[in-house]
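# Observations on chain architecture
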Amino acid sequence: MGTPQFPDLGKHCSVEDCKQIDFLPFTCDRCHLVYCLAHRSYIKHDCPKADKKDVTVVICPLCAKGVRLIPDEDPNITWETHVNTECDPSNYDKVTKKEKCPVSGCREVLTFSNKIKCRDCTIDHCLKHRFGPDHNCPGPKKPESGFPFMGILSRSKKDTTTNQAPASSSRWATSFLNAASTVRASAEASMTKLGSEISQKLQIARDGVGLSSSSNGSAGQVEECPQCGAKFSSVTTLVDHVEKVHEKKNQSRVFKMSIDVCPKCSKGFRDPVALVEHVERDHSGTSKA
């Protein structure tokens, strides 16, 4: 066997009826014997250990999953282990029941490559019914009104039309009205207090004009503004400063008020409470008690 240069070259096939010398022999990975090209497979040389390499999978009728049978283990034990550990009957419908096109009369099974999700209704359809007119698409969902209180007012309207009294309103509307009234009252009180303080300081400054003008000894006295702390050489200058600066600022604070516009009829309201009452009375079908 072999040549003088390579005495170990080539081996005989292990099959009794063959015994052919092969210079490129194959070694079986299960029985570890040498075979020629014709007898290299498990079936050709009837390998006694081929079942250890065999892969047998049984489909479970309960969960439709594949159960691999272990070669050196009883199939009944393998089956019991699967049923007690990983068998999930809810998976059967997911595997057996295929997703189909929702269009009536269409029996196309939806797969990864032939389904398209509609951008408007966000439902999967087949390629034939991918356009909106083909599957009677209802279109995108319409956004709600821009006025943030209309949804709550409409809910209160439905509640009052069923069993509640017409004069009752929702808890949210009541709390909103109370909060708006409190803010309005505090703002009015602050403006009144500021106006009274300015009037008192202005009156004191005017009363002191005659005294300061008649006395010459007080020429070096410095007058200070009670609002901004500015200093002036005479009371007259201080009075002009208060009338020109602080009274104008006070008036600008009073007149620079935000106006809320009704989104339904574009009617303007300076008071948010009046706006809510207007919406409930004229646009929601309920009246403020």
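What you see is a predicted model; the values in this text were computed from it and never measured. (Residues numbered from 1 in each chain as written. Predicted model: local features only at pLDDT ≥ 70, side-chain atom pairs only at ≥ 80, totals over all residues. Heavy atoms only, no water.)

## Some points on the overall build of the protein chain
- Assigned secondary structure in the protein chain consists of 6 helices and 12 strands.
- Within the protein chain, buried positions represent 24% of all 289 residues.
- Within the protein chain, counting contacts between residues at least 6 apart in sequence, those at least 24 apart form 27% of the total.
- A total accessible area of about 21000 Å² is found for the protein chain, and carbon and sulfur atoms account for 54% of it. (Helix = DSSP H or I, 4+ residues; strand = E, 2+ residues; numbered from the N terminus. Buried < 20%, exposed > 50% of the residue type's maximum accessible area, 1.4 Å probe, protein only. Contact = heavy atoms within 4.5 Å. Areas by Shrake-Rupley, 256 points an atom, 1.4 Å probe, with all protein chains shown as cover.)

## Things to note about a nonpolar patch on the surface
- Together, Leu9, Ile21, Phe23 and Leu24 make up an exposed nonpolar region whose accessible area comes to about 380 Å².
- Within the element layout of this structure, Leu9 appears in the segment before strand S1 (11-12).
- In this structure Leu9 comes out as partly exposed when scored by relative accessible area, which is 34%. (Patch = residues over 30% accessible without salt bridge, like charges linked within 9 Å, V, L, I, M, F, W, Y side chains within 5 Å. Salt bridge = Lys/Arg side-chain N within 4 Å of Asp/Glu carboxyl O.)

## Points about the pattern of salt bridges
- Per the stated rule, a full pass over the model turns up 2 salt bridges.
- The partner of Glu99 in a salt bridge is Lys115, and the shortest N-O contact between them spans 3.9 Å. With Glu99 in the loop between helix H2 (91-96) and strand S7 (115-117) and Lys115 in strand S7, this residue pair connects regions lying 16 residues apart in the sequence.

## A few points about the environment of Val235
- Residue position: Val235 is located in helix H5 (residues 235-255).
- On the accessibility criterion, Val235 (8% relative accessible area) is buried.
- In this structure the C-alpha to C-alpha distance between Val235 and Cys225, which are 10 residues apart in sequence, comes to 9.7 Å.

## Overview of the packing of aromatic side chains
- This structure, assessed with the given rule, holds 0 aromatic pairs.
- The ring of Phe26 carries the charged tip of Arg40 above its face, separated from the ring centre by 5.8 Å. (Phe/Tyr/Trp six-rings, centres within 6.5 Å; stacked < 30°, edge-to-face > 60°. Lys NZ or Arg CZ within 6 Å of the ring centre and 35° of its normal.)

## A look at the pairing of strand S6 (residues 66-69)
- Bridging between strand S5 (residues 56-59) and S6 involves 4 bridges; their strand directions are antiparallel. Paired with Val58 across the bridge in S6 is Val67. (Pairing = 2+ DSSP bridges.)

## Side note on the environment of Ser14
- When you line up the elements, Ser14 lands in the loop between S1 and strand S2 (21-22).
- When its relative accessible area of 26% is taken as the criterion, Ser14 is described as partly exposed.
- Those residues in contact with Ser14, other than ones at most four positions away along the chain, are Lys19, Leu33, Val34 and Tyr35.
- A polar atom in the side chain of Ser14 sits 2.6 Å from the backbone oxygen of Val34. (Polar contact = N/O pair within 3.5 Å; in protein donor to acceptor, adjacent residues only side chain to side chain.)

## Here we look at the nonpolar core
- Core analysis: the largest hydrophobic core is formed by 8 residues, namely Cys13, Val15, Cys28, Cys31, Tyr35, Cys36, Cys47 and Ala50.
- Setting aside residues up to four positions removed in sequence, Cys47 forms contacts with Cys28, Arg30, Cys31 and Tyr42.
- By size, the runner-up hydrophobic cluster in this structure holds 6 residues, among which are Leu194, Phe232, Leu238 and Val242. (Core = buried A, V, L, I, M, F, W, Y, C linked by side-chain atoms within 4.5 Å.)

## Quick look at the confidence of the model for the protein chain
- For the protein chain, mean pLDDT is 75; residues scoring 70 or higher make up 69% of the total.
- The secondary structure element of the protein chain with the lowest average pLDDT is helix H3 (residues 150-162), at 53, and the one with the highest is strand S4 (residues 34-35), at 93.
- Ignoring residues within four places in sequence, the model shows residues 162-169, a span with pLDDT below 50, making 9 contacts including any to other chains.
- Low pLDDT, under 50, characterises residues 285-289; the predicted model gives this stretch 12 contacts beyond four residues in sequence or across chains. (pLDDT = per-residue confidence, 0-100.)

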